[in-house]
2 protein chains.
Amino acid sequence: MNKVITISREFGSGGRSVGKLVAEKLGIPCYDQELIQKIAQESGYCEEFIAEKSEHHNNKFLSNPFAFRDYYGNSIQDKIWLAQLKAIVEVANKGPCVIVGRCADFILDGTADLLKVFIHADNKTRAHRIVEQYGEAEQSPEKRLKEKDKRRAAYYQVNTDKKWGDMKNYDISLSTSSLGIERCADIIVELYKS
Amino acid sequence: MNKVITISREFGSGGRSVGKLVAEKLGIPCYDQELIQKIAQESGYCEEFIAEKSEHHNNKFLSNPFAFRDYYGNSIQDKIWLAQLKAIVEVANKGPCVIVGRCADFILDGTADLLKVFIHADNKTRAHRIVEQYGEAEQSPEKRLKEKDKRRAAYYQVNTDKKWGDMKNYDISLSTSSLGIERCADIIVELYKS
């Protein structure tokens, strides 16, 4: 079984940067945007569509009953989820790596030697970060954070039947606002090596 | 400001052992049972009474309106809480240390250079640990864990107005069931030193 680091993260916490830094320090690949490309290829949908849809929930009972379904009863979200499963298992089988987001902690449970990490930060740091990274928007940064949190929580809950952001689902949870991105990365690297 | 490590922990997670090991490795004191002695001295109640009462909640509105109150309207719980505040601030002012439990993370916020840690473990490990450490009881281990979790959560919530076990309240959260007590201690020691 390959050693895989999964990084779940709050929007604006810098979790993606932590993941990239960890991968760089360990000399292993970090999958984030690359996964979207893979899922797009696998499912036949374009990357933009995947990026948007793959954080919407996937519950057959809650979703629109009139939504298009194929011959097997699969909705678009089902198809994307299946492509995502396949892409994540595929990269984990290739070799040690870091995977950011996409329920990889849940998908790979039992099939890889996992180090399950959650990255969070206080709301002030997150608000500052999203404006810096993605620019201003019509909505306030606080509202953007709240909506994204809600969406990620629903997506995780529906697909994994677990509570997103519950520390009990992770081996280690770190705050970038108190520890800094570099220190968080160093802790993960040390843990991976030991 | 002294550097203080506060360790909040789930019952049966081994958080107390982690705290002791960290203190030993750093050559600084670890306050746990010693705090109960201090609070007993300060409040005038015996240690057994403190140990029992200091995990019951402290809400004037929810608690028994007919409970005994002194001239200032303080209940027994209020008096113990005040003695606890004093004891914790006193030990933190003495020098760098580790403090296990007792809302020390909340009490010292802003008055010490804090590293706020939460220690958890999966329920199987916890159940095994409490039977090993405290013996069998009439209730099942699962029920004992559930009751203790509920009590700690209520105690923390009422006294701090924050959610107990919410990773956002801590700098780092660690699972002893996946990482082991020794490794958790090493991570905290490294963080403290850096």
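Okay, so let's go over this structure. The shown structure was predicted, so the numbers you read here are calculated from the model rather than taken from an experiment.

Overview of the sheet that holds strand β4 (residues 113-120) of chain B
Hydrogen bonding along the main chain pairs the strands of a sheet, whether they run parallel or antiparallel.
Thinking step 1. Taken in spatial order, the 10 strands make up an open sheet running β2(A)-β3(A)-β1(A)-β4(A)-β5(A)-β5(B)-β4(B)-β1(B)-β3(B)-β2(B), and their pairing is mixed. In this open sheet, the two edge strands, each paired with only one partner strand, are β2 (30-31) of chain A together with β2 (30-31) of chain B.
Thinking step 2. One ladder, built from four bridges, connects strand β1 (residues 3-9) of chain B with strand β3 (residues 97-100) of chain B; its direction is parallel. Within the sheet, the bridge partner assigned to B:Ile5 lies in β3(B) and is B:Val98.

Topic: the interface of chain B and chain A
Thinking step 1. Contact residues are listed per partner, giving 25 residues for chain B and 25 residues for chain A.
Thinking step 2. Sorting the residues of chain B by area buried against chain A places B:Met167, B:Lys168 and B:Asp171 first, and these three jointly supply 36% of that buried surface.
Thinking step 3. Counting every contact that joins chain B to chain A gives two salt bridges.
Thinking step 4. Between A:Glu10 and B:Lys168 there is a salt bridge whose closest N-O contact spans 2.8 Å.
Thinking step 5. At the level of elements, β4, α6 (123-134), β5 (172-175), α8 (176-179) and α9 (181-193) of chain B are the ones that each hand at least two residues to the side of chain B that touches chain A.
Thinking step 6. In terms of residues, the side of chain B that touches chain A owes the most to one element, β5(B), which gives four residues.

Some remarks on the relation of the copies chain B and chain A
Thinking step 1. The two copies are related by a screw operation: chain B maps onto chain A through 180° of rotation and 0.0 Å of translation along the axis, at an RMSD of 0.0 Å. In the structure described here, the two chain copies are related by an operation that fits a two-fold rotation axis. Closest to the rotation axis within chain B is the C-alpha of B:Ser173, separated from it by 2.5 Å.

Parameters and conventions
- Once a new chain begins, its residue numbering starts again from 1 and follows that chain's sequence as written.
- To read the labels, note that chains go from A and ligands from 1, taken in the order they are written.
- Where local features are concerned, this predicted model is filtered to residues with pLDDT of at least 70; where side-chain atom pairs are given and counted, the filter is 80 or more; whole-chain, interface and lining totals use all residues.
- For the side-chain quantities, the full set of heavy atoms in the structure was used; hydrogens and water were omitted.
- Strand pairing requires that DSSP identify at least two bridges connecting the strands.
- Secondary structure elements are taken from DSSP: a helix is a run of H or I of four residues or more, a strand is a run of E of two residues or more, and numbering for both begins at the N terminus.
- In what follows, a contact means two residues having at least one pair of non-hydrogen atoms within 4.5 Å.
- Once two parts are put together, the accessible area they lose, assessed with a 1.4 Å probe and summed over both, is termed the buried area.
- A pair is scored as a salt bridge if a Lys or Arg side-chain nitrogen falls within 4 Å of a carboxyl oxygen belonging to Asp or Glu.
- Superposing the copies works by least squares over the C-alpha atoms of residues that have pLDDT at least 70 in both of them.

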